Amino acid sequence: VRTLLVIGIGAGHPEHLTLQAVGALRRARTVFLLDKGSAAGELAALRRDVIAAHAQQPYDVVEIPDPPRDRAPHDYAAEVHDWHAARAALISTAVAQLPEDAVAAFLVWGDPSLYDSTLRIVDRLDVPCAVEVIPGITAVQALTAAHGTTLNRVGEPVLITTGRRLAADGLGAHDAVVMLDAHDGWRGLDPDVEIVWGACLGTADEVLIRGAVGAVGEQISQARAELRARKGWVMDVYLLRRPAQR
Ligand SMILES: C[S@@+](CC[C@H](N)C(=O)[O-])C[C@H]1O[C@@H](n2cnc3c(N)ncnc32)[C@H](O)[C@@H]1O
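(A) Looking closely at the overall build of the protein. The helix and strand inventory of the protein stands at seven helices and ten strands. Its C-alpha radius of gyration of 19 Å places the protein within 12% of the 18 Å reference for a compact globule of 246 residues. In terms of overall dimensions, the protein has C-alpha extents of about 60 × 40 × 40 Å along its principal axes. Looking at the protein as a whole, 49% of its 246 residues are labelled buried. The long-range share in the protein, meaning contacts at least 24 apart out of those at least 6 apart in sequence, stands at 73%. With an accessible surface of roughly 12,000 Å², the protein has 53% of that area assigned to carbon and sulfur atoms. Looking at charge distribution, the protein has the averaged site of its 24 positive side-chain charges lying 1 Å from that of its 31 negative ones.

(B) Summary view of the side chain of S221. Within the secondary structure, S221 is located in helix α7 (residues 213-231). Of the residues examined, S221 reaches a relative accessible area of 5% and is grouped as buried. Polar contacts involving the side chain of S221 include one to the side chain of W186, which spans 3.2 Å. In this structure, S221 is in contact with D184, W186 and R187, ignoring residues within four places of it in sequence.

Cut-off values and rules
- Residues numbered from 1 in each chain as written.
- Predicted model: local features only at pLDDT ≥ 70, side-chain atom pairs only at ≥ 80, totals over all residues.
- Heavy atoms only, no water.
- Helix = DSSP H or I, 4+ residues; strand = E, 2+ residues; numbered from the N terminus.
- Rg over C-alpha atoms; globule rule 2.2 N^0.38 Å.
- Buried < 20%, exposed > 50% of the residue type's maximum accessible area, 1.4 Å probe, protein only.
- Contact = heavy atoms within 4.5 Å.
- Areas by Shrake-Rupley, 256 points an atom, 1.4 Å probe, with all protein chains shown as cover.
- Lys, Arg positive; Asp, Glu negative; His and termini not counted.
- Charge placed at Lys NZ, Arg CZ, Asp CG, Glu CD.
- Polar contact = N/O pair within 3.5 Å; in protein donor to acceptor, adjacent residues only side chain to side chain.

Shape is all these values report; function is a separate question.
See the structure below:
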């Protein structure tokens, strides 16, 4: 059967790859790129940098086009489900064209377990495949390392959530990491909450800001707007520490 390697490649820096990830990359002859949205071009270019930095053999790079998707659906879960099905169908078609003994790789941003659909999509392929997952350094780890800080406080839990959920639910009883925030989710929070923020981590455009939301929130919004204006997109992640526990 065909082998599919789902390789976590870290959050942007070519040296974020583990030795296991480099070894897996060197086994593959075909690489699938599934990027989407406004960042797709630059993310694909960063993945090509990763391949160039570590590969020892030529690759077929197959970019899978993204099926259209309703960005403001009535039923979000149903829309995502249908969209994954459409992506799985496109990938099944591409995989079925590979030789029976092919080894192909999906290069997944960060780690495949964290806010990424590749494993769910691979589960739905209608071509039999042996799947191997290689873990990667997440944006969360890239953030805490860049700031030289810990993720959790002693004995404390940390929630990992999205900008969408932060906007809907507010900051609950625990510290939280916020990913996939299309807006400035820190606006409106208690000004004494500490924010540990990073954008474009591991890349030449990396920006790090940390402080009380009331003191640095505006500076973060400006940095974010500047990156978005210059690049057309921005990927940022942040840790929120509640003041009562500090
Ligand atoms: C679709 S999720 C993928 C997460 C990825 N699987 C991981 O393990 O980090 C994309 C989100 O990850 C975060 N992210 C990924 N790479 C980042 C980077 N280099 N700098 C800042 N945030 C990043 C952002 O919150 C972004 O919205």
